[in-house]
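# Architecture and fold: a report
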Amino acid sequence: MGRFVNCGNQSFARAKRQTHMRSSYRDEDVTLLLKDITGLVKPQPTEERERLIQSGKHYSEMLPIEYVPTQKYMEVYREALEKYAGPTARAVGKLSDKIIQARGQDVVIVSLARAGIPIGILVKHFICRKYQLDVPHYAISIIKGRGIDANAMRYLLGRYQPQRLLFLDGWIGKGAILEELRKDIAAYEGVSADIAVVADPANVTALCGTHEDILIPSSCLNCTVSGLVSRTFLRDDIIGAEDFHGAVYYGELADADLSYEFIDAIERHFELGRESTKMDSGHEADDENAVSGRGIDEARKIAAAFGVGDINLIKPGIGETTRVLLRRVPWKVLIDERYRDNPELDHIVRLAEEKNVPIEYGALKHYKCCGIIKRLSET
């Protein structure tokens, strides 16, 4: 049952300490069901990882080198945070309202590591402040092509009734992780494959803050806005049969950690006294404003238009385009003509310029931009 304030239940803090995964998040904000593999995996340069991925090695068996962005890029990030903290906060508020309306006070938030974690903390805080409920919040790993962490699921189902679990992520690109979730969760009777997200431009879930492709500022950075935690890792020589999926803690980047600066900036715009339904652009964030059709169909059209045979190389949406530029080898970036020179995409343009990635402008339906990964076998 959801606990009424005090928000920050100490039993969750004890559970976090028992999992031994370090992060810069406070114990009471999230329990990371991850194995700390710090020092056990040597990060690899982006192009080396990309070649291995495209030759058949699974991305979860490697980790990228995390870096502190350039001063110019950080200026763009701070501008984005200032401009889009309000829309993000209102989308978080609407999502939180929907969660309580749909699942009640007994909900247990299960964020998908790592992009879901800061959003899960924001939702937990919003629910605490508006509804005076301290809902449990965990983070677990789900890996495309490898599935959800079965040991983490056993941990949760040993403590909570299955119908209480609600999965949460930051945003949806094409919807690939949702398909992975639906496939995996079929094995767990009573657990819903519903997913809650702040932004769903792909139009695949009603449990979202908005169907608009909005900029969520945390998508602009890697571990320095995600509790200094890496993306999740799964390889048999390091992750045993009884282990949670792994992650690295980048303590050496502590001086550059902006995890709570981001959370605090969004929370300053929380609107707790009424339903949060409006975005700064003037568009309502209600389901009826979703663009017709599915994002995956538009992704397939983009692939066909640019002669890309592998749909996995197409990464639509602001969040996914940012990820391509930060940790993959981009071929080009597409930007909807309506958003040429729009400050919301300044960080995309800045990253593309820094990496000499060409930008093309055209017509996109569900998304404001799209990243296309370079097929290295053709270079």
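The preceding data block contains the structure.
Now for a description of the structure that goes with this document. Keep in mind the model is a prediction, meaning the values are calculated, not measured. (Residues numbered from 1 in each chain as written. Predicted model: local features only at pLDDT ≥ 70, side-chain atom pairs only at ≥ 80, totals over all residues. Heavy atoms only, no water.)

A separate point is unusual backbone geometry. Negative phi characterises most residues that are not glycine, and trans characterises most peptide bonds. Residue Arg114 is bonded to the preceding Ala113 through a cis peptide linkage, with omega at 0°. Position of Arg114 relative to the elements: it lies in the loop between strand 4 (108-112) and helix 4 (116-131). Positive phi values are uncommon outside glycine, yet Asn203 reaches one of about 65°. The residue Asn203 is located in the loop between strand 10 (195-199) and strand 11 (208-210) in this model. Phi is positive for Leu228, close to 60°, though the residue is something other than glycine. Topologically, Leu228 is positioned in the loop between strand 11 and strand 12 (246-247). Residue class for Leu228 comes out buried when judged on its relative accessible area of 1%. (Helix = DSSP H or I, 4+ residues; strand = E, 2+ residues; numbered from the N terminus. Buried < 20%, exposed > 50% of the residue type's maximum accessible area, 1.4 Å probe, protein only.)

This brings us to the pairing of strand 14 (residues 330-336). In terms of burial, strand 14 is a largely internal element, six of the seven residues being buried. Two strands pair when backbone bridges link them, and strand 14 and strand 16 (residues 369-373) are joined in this way by five bridges, in the antiparallel orientation. The partner of Leu334 across the bridge, within strand 16, is Cys370. Where strand 14 and strand 15 (residues 359-362) come together, four bridges link them in parallel fashion. Each residue of the ladder has a partner; that of Leu334, found in strand 15, is Glu360. After leaving strand 14, the chain enters helix 10 (residues 346-354) and then returns to the sheet as strand 15, a path that is right-handed. (Pairing = 2+ DSSP bridges. Right-handed = clockwise from strand over helix to strand, strands pointing away.)

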